Amino acid sequence: MIDTIIQMFSYPFMVRAVIVGTFIALASSLLGVSLVLKRFSMIGDGLSHVGFGTLALATALNAAPLTVSIPIVVIAAFFLLRITENSKIKGDAAIALISTGSLAIGVMIVSKTTGLNTDVCNYLFGSILGISKWDANLSIALCITIIITFVLFYNRIFSITFDEPFSQATGTNSKFVNMLIAMLTALIIVLGMRIMGALLISSLIVFPSLTSMRLCKRYKAVIINSAIISVACLWIGMFISYYFDTPSGASIVICNIIVFFVYWLISCIKGNILHEK
């Protein structure tokens, strides 16, 4: 196994994928806790479909994928949050409308331009080969920005996550913080699509948080444990992807599913022991 790991890291594209993936996993795990607790997790799924549409557009225009995708997905995040808060259309219905519409537009663009080629499959299911040096540098810089922003606004994010009316009463601009969370989520969705794929990237946000909540009860403990799970599952998933030649996104998600069931089993055993006492 050690020889395989050494061989794996002898390829520059694997080194880039692991480094970028680590930053993406860390950033997404931080945002995931608040998104799950605020029941905004489906926004990530909706934005991933918007991201696929923008990546298809960038491919058709022969433009840099991240340059095209980031501003459009960020705007979509603001629009989606506004709809879920103020529109007569319910949040889940609004997400369904935008996600399916964006996916349909992306498929239509692809079918009329490049066709369902390897690049499109990589956008849907993820590929460790799809990260260029420029994408890697931009992704790392944006992930660091996301992590720093989360740390700086930690108290406000914590406040609106658990009691938004109280946080408003104490002077917190909840609309701004919600928009900030939506913008950071949009960024991490676009960055993670190259590794996880449009159909699986939301799982990188949701699974570590849900897993941590099986055992951890304090907000900070959930965040720390979620970050550890997210990064560990990404590393193991990357190794599985390289060793068995499987899609990177699916490999990472399967690792998250296994860890979730392990945590769930431990929580059930722990609960039974406490109940007997």
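Residues numbered from 1 in each chain as written. Predicted model: local features only at pLDDT ≥ 70, side-chain atom pairs only at ≥ 80, totals over all residues. Heavy atoms only, no water.

## Concerning the side chain of Ser174
Mapped onto the elements, Ser174 comes out in helix α10 (residues 174-196). Of the polar contacts made by the side chain of Ser174, one reaches the side chain of Gln168; its length is 2.5 Å. (Helix = DSSP H or I, 4+ residues; strand = E, 2+ residues; numbered from the N terminus. Polar contact = N/O pair within 3.5 Å; in protein donor to acceptor, adjacent residues only side chain to side chain.)

## A short note on the pattern of salt bridges
Inspection of the entire model under this criterion finds 1 salt bridge. Glu164 serves as the salt-bridge partner of Lys38, at 3.1 Å between the closest nitrogen and oxygen. On the criterion of sequence distance, the pair formed by Lys38 in the loop between α2 (12-37) and α3 (41-61) and Glu164 in helix α9 (residues 164-169) is long-range, its members being 126 residues apart. Classification of Glu164 as partly exposed rests on a relative accessible area of 24%. (Salt bridge = Lys/Arg side-chain N within 4 Å of Asp/Glu carboxyl O. Buried < 20%, exposed > 50% of the residue type's maximum accessible area, 1.4 Å probe, protein only.)

## Structural notes on the packing of α3 against α10
Put simply, α3 and α10 touch, their axes get as near as 9 Å, and they point 55° apart. Classified by the interaxial angle, the pair formed by α3 and α10 is oblique. The two elements α3 and α10 meet at a crossing, and its hand is right-handed. The residues of α10 that touch α3, namely those facing Gly44, Leu47, Ser48, Gly51, Phe52 and Leu55, are Ala182, Thr185, Ala186, Ile189 and Met193. Residues of the contact of α3 with α10, tallied by class, amount to 7 nonpolar, 4 polar and no charged. (Axes fitted to C-alpha atoms, helices over the stretch in contact; angles between N-to-C directions. Parallel < 35°, antiparallel > 145°, perpendicular 65-115°, else oblique. Left-handed = near helix turned anticlockwise from the far one by under 90°. Contact = heavy atoms within 4.5 Å. Nonpolar A, V, L, I, M, F, W, Y, C, P; charged D, E, K, R; others polar.)

## Quick word on a nonpolar patch on the surface
On the surface, Ile257, Phe261, Trp264, Leu265, Ile269 and Ile273 cluster together into a nonpolar patch covering about 570 Å² of accessible area. Inspection of the secondary structure puts Ile269 in helix α13 (residues 248-276). Overall, Ile269 belongs to the partly exposed group, its relative accessible area being 46%. (Patch = residues over 30% accessible without salt bridge, like charges linked within 9 Å, V, L, I, M, F, W, Y side chains within 5 Å. Areas by Shrake-Rupley, 256 points an atom, 1.4 Å probe, with all protein chains shown as cover.)

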